[in-house]
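Chain and residue survey
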Amino acid sequence: MRTFRNAMSIMTFILVLCLGAFAGCDTEDSPVHVDWDKREELRLEPQREALTYAYLPQYSHTVSYQRHNKLVEYLRRTTGLPIRQVYPDTFDEHIHMAAQGKIDISFSNPMVYAMIAEQFGARAFARIVEPNGRAQFRGQIICRRDNKAITSLADCRGKSWIAVDPYSAGGYLFDLGVFLEHGLTREDFSEIAFAPGPGGKQEKVALAVFAGRYDIGSIREGTLDIVKDTIDVDQLRILAHTPWYPGWVYAARKGLPDKTIAKIRQALLDLDLAHPRDQEILDRAGFKAIIPSSDADYEPVRALMRTIGVEGDA
Amino acid sequence: MLSWRWPFGRLRFRSKLGWGMAAIVLVFGLLLGHLLTDMAAHSLLEQHHKLGKTVARNLARRAAEPLLATDLLRLENMVDEVTARTENAEYAFVVDAAHQVLAHSFERGFPVELIAANMPEDNRSHRQLLRSQPGLIDDFAAPVLIEGDRIGWVRVGVSRGAVSKTYTRLWMVGLGLTLAAIAFGLVLVSLFARTVARRLARLRDCAEEIVKGNLDVVSSEDNRVNCWEIMDCQMGNCPAYGEKRLRCWYQAGTLCPQCGPGGYPDKLSSCRHCPVYRRCAGDELQELAEAFDVMAATLKDYLGQIQTARQDMARQRQLLRTILDVTPDLVSLQDVNLVYQAANKAFCKYFNLEEKDIVGRTDFDIFSEAQADQNYHEDKQILVTGEALSKEIAVAGERNRRWFHILKVPVYDRDRITGLLLTARDITVVKQYQEQLVHSQKMEDLGRLAGGIAHEINTPLGIILGYTQLLLEDFEEGTQSRTDLETIEKQARICRKLVADLLGFSRQSGFTRAEMELNDSIREVISLVEHTFSLNKVWIRSDFDANIPPIEADKERLKQVWMNLFNNAFDAIGEDGFIFVRTKLCAHRRRVVITVADTGPGIGEDDLDKIFDPFFSTKPVGKGTGLGLSVTFGIIKDHGGRINALSPAPNEYMPSEMEEQIQIGAGTVFIIELPVVDDVLPEDECEEATRHVVRSEQSSA
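Below you will find a few notes about this structure. Per chain, residue numbering runs from 1 following the sequence as it is written. Going through the entries in the order they are written, you letter the chains from A and number the ligands from 1. Predicted model: local features are reported for residues with pLDDT of at least 70 only, side-chain atom pairs are reported and counted for 80 or more only, and whole-chain, interface and lining totals are derived from all residues. The basis for the side-chain values is all heavy atoms of the structure; hydrogens and waters are excluded.

1. Remarks on the overall build of chain A
Where we set the bar: Only DSSP runs of H or I reaching four residues or more are called helices, and only runs of E reaching two or more are called strands; each is numbered from the N terminus. Note on exposure labels: buried denotes an accessible area under 20% of the residue type's maximum, exposed denotes more than 50%, and partly exposed covers the range between, all computed with a 1.4 Å probe on protein chains only. Whether two residues touch is decided by their heavy atoms; if any such pair falls within 4.5 Å, the residues are in contact. The accessible surface values rely on the Shrake-Rupley method and a 1.4 Å probe; as for residues, cover is taken only from the protein chains in view.
Scanning chain A from N- to C-terminus turns up 10 helices and 15 strands. Counting every position in chain A, which comprises 314 residues, the buried fraction comes to 51%. If you take every contact in chain A between residues at least 6 apart in sequence, the share linking residues at least 24 apart comes to 77%. Carbon and sulfur atoms make up 51% of the accessible area of chain A, which amounts to about 14200 Å² in all.

Structure (structure tokens):
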């Protein structure tokens, strides 16, 4: 009987040990105590006074940041001026911000420049050289490669068209000019849609055509290189190119001191692709170089705007 | 002081098995349950962490655009959406690079301690467990990165409560399932332990039966299929056919073609491919039980053989014992240390000891030291040389001497001497016969010598007597010369009688056989001496057997025998005694026995052997010549008979009235045997004649 009791004791001990092991093995790191009751209503501190630098949002804000953050830092460092980049969501907002004087330095396409110069007194002081080495750029009309119904611009009649933005140069206005030259007006298309905002609008056009949602699309040259990692660009076919127009332009708002403009202009013109430091800035921004410019360089653009019926009142 | 003892040592095997397996099932069940539950809990927690991290990263990725644009509304919408849509999300908020909270999901103020609670220095996501009033919260911090530049942080807090609840529920389910599995395992263990214990108990019972002597036990399971049923075999002469106790692979000489030669376990290699073996071979316990049965059967067979051998040995031993006990020879066996290993009954009886008093002892315990020492050296010599010893020894007894022929031979076991066998045969009777033979030869030589001398003396003696008688005629009576001559004549006649007796002893006197009545010759002699004897109160009693037929004999010489014997008896008695004469025809009617007993003082033991020698006499000088019994001996021998003397005389040779006259140790009886038909006594002994002669000779020896 005593043996049985001893055996039972040992078995009970084993059971308790196992249950203890069963229950007590919760591995966890030590928590940090936070008092939930210590609360405050937060208020954002006002931003410091600085020159605002805006890049017409033909791409997403992130791309805008990636492309121009180094350049803005360069300008801050070189000129000693407090400059920060701001991100308008749309072309329209860019124009409105320019109108309100919230953009001190605007980097925009020639069409938008023509508008804000015409309406809000902006002054061009520099323009870029495209990666292909030209100081001009152009638009492209694309469709799917397997779309046998569209072999020429005339075939676009009655088709659906997606463009970047009503204020996009290479992504709409240049292309609209081409269609007008070939006798196609806006009404000849079954639909003219614009890429939804904000940002990334060039890519969205390419993606929409690739997906077959629209028959044709209009983008600025170079966009296909941006989306080649996203889609198979071989599935797309370039139906036509627009004529060359002056490239993107740096413009200062009306009332910005000339001295400030000169500093910034010089800093931009000093960027040299041969210099390793500058090469990274220019590569990220997608420029070959920045060259001097003036308002007179954009007369062809104004002529196009008159042709297609776009005025600077947008 | 009480000492703790390992409690499982004295448990039954079934309990040990049950407890042991229960402990294993319990420990491993609980450990396994714990392990699985813990793994599930970790997996759950990991999923929880992954979810939080993913939500935070997604929010960080989506917040990049509005963060750059400082679009507070979109940020606010985002954190609210994350909080609303993420299960168990407690909060979400976005801070910029300057650690300013741009948007958060808290409704009434922001817990200021929350910002610093999880703010990593590097650009990697980080989780931090927070303890606050709502409970444990996992805070996930994800950086908002663009091209490696951190432009802010998003933080998402996910409550641990739901995970804990799920974990607890999982733990309970795990514990329940584990306990159920353990209970099921314990039931299985119990059944298994019961089965094993039952089979072991059966083995134990069989072992106990074997201990009790029952070798017909069957410990293996009997619900089995037999080999002849599986093989559809009809070979009734196969040893396995009909054998239900032992499997066929345990038996030698099975007749299946695929069976290997020999017996178990040599044939087992061929059995492994046999369908019978593959179907019927059991587990280790079954094999043990079957091996146990084989052992019992083999044991029974061996025990039977041993029993038979033992009975045979006992029979042989009894036979040997009987032979040894029956033989009158003294037989003993000693080992190389001369310690007695065995002794027969004659040996024990001779030394008046029990066998147990002899076995295990040496000569020094039984004999005198001198005798034992002599035996020791003799025996050692035999053991060393290996040569047997044969000798005759005389052992002096209280009344007489006995002769033994001793034979000691070494006992060999293969080439090694392992003992010493002694046989001692009583040859006293043989010795007596030898002595009698020697005595007879001596008597014959003496007779021949005496006869020769007497024959040579007889002639001059006759001349001397003749001339003396002639000279007597020349002298007148009364003269000195005549007196001298008469003396010469008298002495010459004495000499002549002596010569005549010597011739008679040497059987050179005349011998005339004729048919005669034995009883009549005795009666005639009795009538001659009866009167004379009666004067000295010596009475003659006779008991004649009327059935004695006439025999061929020299009547006169036999009468001389009777006369000599009666005179000897009379001389021995002197006066006042009896002489008893009896004749008896033996049962086979070829021998007649005459006994002459007296109530004299008897003959001494030393003299008894010499009484038939010539010139031996116990009488005073001048009373006898010492030739009477010698002549008697010669006459009886001439008739082909035999004469013996016994002293003291056994009672049965005396008539009842004489017994009173006989003093203790006194009396002599002469027993004469004469052939009835032939010239020699028949080889068949006559009990009446020899019984007491032999007995007397043995006792005297």
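2. Structural notes on the overall build of chain B
Of regular secondary structure, chain B possesses 20 helices and 18 strands. When each of the 701 residues of chain B is scored for burial, the buried share is 42%. In chain B, of all internal contacts separated by at least 6 residues, the share reaching a separation of at least 24 is 61%. Surface accessibility of chain B: about 39100 Å² in total, with carbon and sulfur atoms responsible for 54%.

3. Brief notes about the packing of helix H15 (residues 518-535) of chain B against helix H16 (residues 555-573) of chain B
Residues and elements named next belong to chain B. Stated precisely, the cut-off is as follows: The convention used is that axes are lines fitted to C-alpha atoms, helices contributing only their stretch in contact, and that angles between N-to-C directions extend from 0 to 180 degrees. Oblique is the label for any angle not under 35 degrees, not over 145, and not in the 65 to 115 range, which are roughly parallel, roughly antiparallel and roughly perpendicular in turn. By definition, turning the near helix anticlockwise from the far helix through less than a right angle yields a left-handed crossing, and turning it clockwise yields a right-handed one. Residues are grouped as follows: nonpolar covers Ala, Val, Leu, Ile, Met, Phe, Trp, Tyr, Cys and Pro; charged covers Asp, Glu, Lys and Arg; every other residue, Gly included, is treated as polar.
In the contact formed by H15 and H16, the axes pass within 9 Å of each other and the chain directions differ by 40°. Taken together, the axes of H15 and H16 lie oblique to each other. Where H15 crosses over H16, the handedness of that crossing is right-handed. Along the contact surface, H15 presents Leu-518, Ser-521, Ile-522, Glu-524, Val-525, Ile-526, Leu-528, Val-529 and Phe-533, while H16 presents Lys-555, Leu-558, Lys-559, Trp-562, Met-563, Phe-566, Asn-567 and Phe-570. The residue inventory of the contact of H15 with H16, partitioned by class, reads 12 nonpolar, two polar and three charged.

4. Looking at the side chain of Thr-223 of chain A
Residues and elements named next belong to chain A. Mapped onto the elements, Thr-223 comes out in helix H7 (residues 223-227). Of the residues examined, Thr-223 reaches a relative accessible area of 0% and is grouped as buried. What Thr-223 contacts, discounting residues up to four positions off in sequence, is Tyr-59, Gln-202 and Glu-203.

5. Considerations on the nonpolar core
Rules: For the purposes of this section, nonpolar cores are sets of buried Ala, Val, Leu, Ile, Met, Phe, Trp, Tyr and Cys residues that join through side-chain atoms within 4.5 Å.
Core analysis: the biggest nonpolar cluster contains 73 residues, and Ile-216 and Tyr-250 of chain A have the highest contact counts within it. Setting aside chain neighbours within four positions, we find Ile-216 of chain A in contact with Ile-141, Ile-142, Cys-143, Ile-150, Cys-156, Ser-160, Trp-161, Ile-162, Phe-179, Phe-189, Val-209 and Leu-239 of chain A. Judged by nonpolar contacts, the second largest core, of 51 residues, contains Ala-492, Ile-540, Leu-565 and Leu-585 of chain B.

6. A word on the pattern of salt bridges
Should their charged atoms come close, side chains of opposite charge can pair. Residues and elements named next belong to chain B. For clarity, the threshold we go by: Any Lys or Arg side-chain nitrogen located within 4 Å of an Asp or Glu carboxyl oxygen qualifies as a salt bridge.
Counting across every chain of the model gives 42 salt bridges over all chains. Among the ionic pairs, Lys-212 bridges to Glu-209, the shortest N-O distance being 4.0 Å. With Lys-212 and Glu-209 both in helix H4 (residues 161-212), this residue pair falls three residues apart, about one helical turn. Taking relative accessible area as the criterion, Lys-212 reaches 66% and is therefore assigned exposed. Judged by relative accessible area, Glu-209 falls into the partly exposed class, the value being 29%. As a salt-bridge pair, Glu-378 and Lys-408 come within 3.3 Å of each other at their nearest N and O atoms.

7. Brief notes about the pairing of strand S9 (residues 160-163) of chain A
All names here are of chain A. So the rule is basically this: Pairing between two strands requires that DSSP report at least two bridges joining them. Orient the strands so they point away from the viewer; a crossover is then right-handed if the path from the first strand over the helix to the second runs clockwise.
Residues Ser-160 and Ile-162 line one face of S9 and the alternating positions Trp-161 and Ala-163 line the opposite face, and both faces are buried. Two strands pair when backbone bridges link them, and S9 and strand S10 (residues 191-194) are joined in this way by four bridges, in the parallel orientation. Note that in S10 the partner of Ile-162 across the bridge is Ala-193. Once the chain exits S9 it traverses helix H5 (residues 169-181) before rejoining the sheet at S10, and the crossover so formed is right-handed. Across two bridges, S9 lies against strand S11 (residues 216-220) in parallel orientation. Within the sheet, the bridge partner assigned to Ile-162 lies in S11 and is Gly-217.

8. Considerations on helix H3 (residues 91-99) of chain A
Residue and element names in this part refer to chain A. Selection criterion: To be clear, the arc concerns the directions from the helix axis to the C-beta atoms.
Those residues of H3 that sit buried are Phe-91, His-94, Ile-95, Met-97 and Ala-98. Buried residues in H3, looked at end-on, bunch into an arc of 165°, giving them a common side. Lining the buried residues of H3 we find strand S3 (51-55), strand S4 (83-86), strand S5 (105-108) and helix H4 (110-120). The positive-phi residue at the C-terminal boundary of H3 is Gly-101, with phi of around 75°.

9. Observations concerning the environment of Thr-668 of chain B
Residue and element names in this part refer to chain B. Here Thr-668 shows up in strand S18 (residues 668-675). According to the relative accessible area criterion, Thr-668 is buried, its value standing at 3%. Taking the C-alpha atoms as reference points, Thr-668 and Ile-579, 89 residues apart in sequence, are found 9.8 Å from one another. Excluding its chain neighbours within four sequence positions, the residues that come into contact with Thr-668 are Val-596, Ala-597, Asp-598, Gly-602, Ile-603, Leu-646, Ser-647 and Ala-649.

10. Structural notes on the sheet that holds strand S6 (residues 149-159) of chain B
The sheet built from six strands is open, its strands ordered S1(A)-S4(B)-S5(B)-S6(B)-S1(B)-S2(B) with mixed pairing. Both edges of this open sheet fall to strand S1 (32-33) of chain A together with strand S2 (101-104) of chain B, since each of them pairs with a single strand only. Both strand S1 (residues 89-96) of chain B and S2 of chain B contribute to a ladder of three bridges, which runs antiparallel. When the bridges of S2 of chain B are listed, Val-95 of chain B appears paired with Val-101 of chain B.

11. Overview of a negative patch on the surface
Residues and elements named next belong to chain B. Inclusion rule: Patch criteria: residues need more than 30% relative accessible area and no salt bridge. Like-charged residues are merged within 9 Å; nonpolar side chains of Val, Leu, Ile, Met, Phe, Trp and Tyr are merged within 5 Å. This count recognises Lys and Arg as positive and Asp and Glu as negative, with His and chain-terminal groups excluded. Note on charges: their place is set at NZ of Lys, CZ of Arg, CG of Asp or CD of Glu.
A cluster of acidic side chains, namely Glu-435, Glu-605, Asp-606 and Asp-609, defines a negative patch on the protein surface. Along the chain, Glu-435 falls in helix H13 (residues 428-472). For Glu-435, a relative accessible area of 40% puts it in the partly exposed group.

12. Considering the side chain of Ser-218 of chain A
Residue and element names in this part refer to chain A. Under the convention used in this document: What qualifies as a polar contact is a pair of N or O atoms within 3.5 Å, subject to a donor-acceptor requirement within protein and to the restriction that residues adjacent in sequence count only when both atoms come from side chains.
Assignment of secondary structure puts Ser-218 in strand S11. Polar contacts involving the side chain of Ser-218 include one to the main-chain carbonyl oxygen of Gly-171, which spans 2.5 Å. Look past the residues within four positions of Ser-218 in its chain and what remains in contact with it is Gln-140, Trp-161, Ile-162, Ala-163, Val-164, Gly-171, Tyr-172, Asp-175 and Val-205.

13. Re helix H2 (residues 61-79) of chain A
Basically, it comes down to this: Two axes are fitted around each residue, one to the seven residues ending there and one to the seven starting there, and the angle between them is reported as the bend at that residue.
Largest kink in H2 of chain A: about 45°, centred on His-68 of chain A. Positive backbone phi, approximately 75°, marks Gly-80 of chain A, located one or two places after H2 of chain A.

14. Section: the pairing of strand S8 (residues 340-343) of chain B
Residues and elements named next belong to chain B. In terms of strand pairing, strand S7 (residues 330-335) meets S8 through three bridges, oriented antiparallel. Within S8, the position partnered with Leu-333 by the bridge is Ala-342. In sequence, S7 turns back onto S8 through a hairpin of four residues, with Leu-338 there showing a positive phi of about 65°.

15. Quick word on the sheet that holds S4 of chain A
What links the strands of a sheet is backbone hydrogen bonding, and the strands pair in either a parallel or an antiparallel sense. All names here are of chain A. The strand order across the open sheet built from six strands is S4-S3-S5-S14-S6-S15, with neighbouring strands paired in mixed fashion. The open sheet has two free edges, formed respectively by S4 and strand S15 (289-292), since each of these has just one partner strand. Across the sheet, the mean angle separating the axes of adjacent strands is 25° when strand polarity is ignored. In this structure, strand S6 (residues 123-129) lies alongside strand S14 (residues 249-252), joined through four bridges in antiparallel fashion. Directly across from Ala-126, in S14, lies its bridge partner Tyr-250. Of the strands in this sheet, S3, S4, S5 and S14 are in contact with H2, which crosses S4 at around 165°. The sheet contacts of H3 involve S3, S4 and S5, and relative to S5 the element is tilted by about 155°.

16. Looking at the packing of aromatic side chains
We count it as follows: Pairing of aromatic side chains here covers Phe, Tyr and the six-membered ring of Trp, requires ring centres within 6.5 Å, and sorts the geometry by plane angle: under 30 degrees stacked, over 60 edge-to-face, intermediate tilted. Comment: the charge-over-ring label is applied if NZ (Lys) or CZ (Arg) is within 6 Å of the ring centre and within 35 degrees of the ring normal.
Under the definition given, this model contains 33 aromatic pairs over all chains. Their ring planes at 50° and their centres at 5.7 Å tell us that Trp-36 of chain A and Tyr-91 of chain B sit as a pair that is tilted. Highlighted residues: Trp-36 of chain A in the loop between S1 and strand S2 (39-40) and Tyr-91 of chain B in strand S1, drawn from two different chains. Grouping aromatic residues by their ring pairs yields a cluster made of Tyr-53, Tyr-55, Phe-107, Phe-125, Trp-248, Tyr-250 and Phe-287 of chain A. Lying across the ring of Phe-210 of chain A, Arg-144 of chain A places its NZ or CZ 5.6 Å from the centre. The ring centre of Tyr-214 of chain A lies 4.6 Å from the NZ or CZ of Arg-213 of chain A, which sits over that ring.

17. Focus: unusual backbone geometry
Residue and element names in this part refer to chain B. Pro-648 follows Ser-647 through a cis peptide bond whose omega is 0°. Here Pro-648 lies in the loop between strand S17 (642-646) and helix H19 (656-659). Of note in the backbone geometry, Leu-338 takes a positive phi value of approximately 65° without being a glycine. Among the structural elements, Leu-338 can be located in the loop between S7 and S8. Given the relative accessible area of 5%, Leu-338 is considered buried. Positive phi is not limited to glycine here, since Asn-352 has a value of about 55°. Its place among the elements puts Asn-352 in the loop between helix H9 (345-351) and helix H10 (355-358).

18. Side note on a nonpolar patch on the surface
On the surface, Leu-32, Leu-35, Leu-36 and Met-39 of chain B cluster together into a nonpolar patch covering about 400 Å² of accessible area. Take Leu-36 of chain B: it is sitting in helix H1 (residues 13-68).

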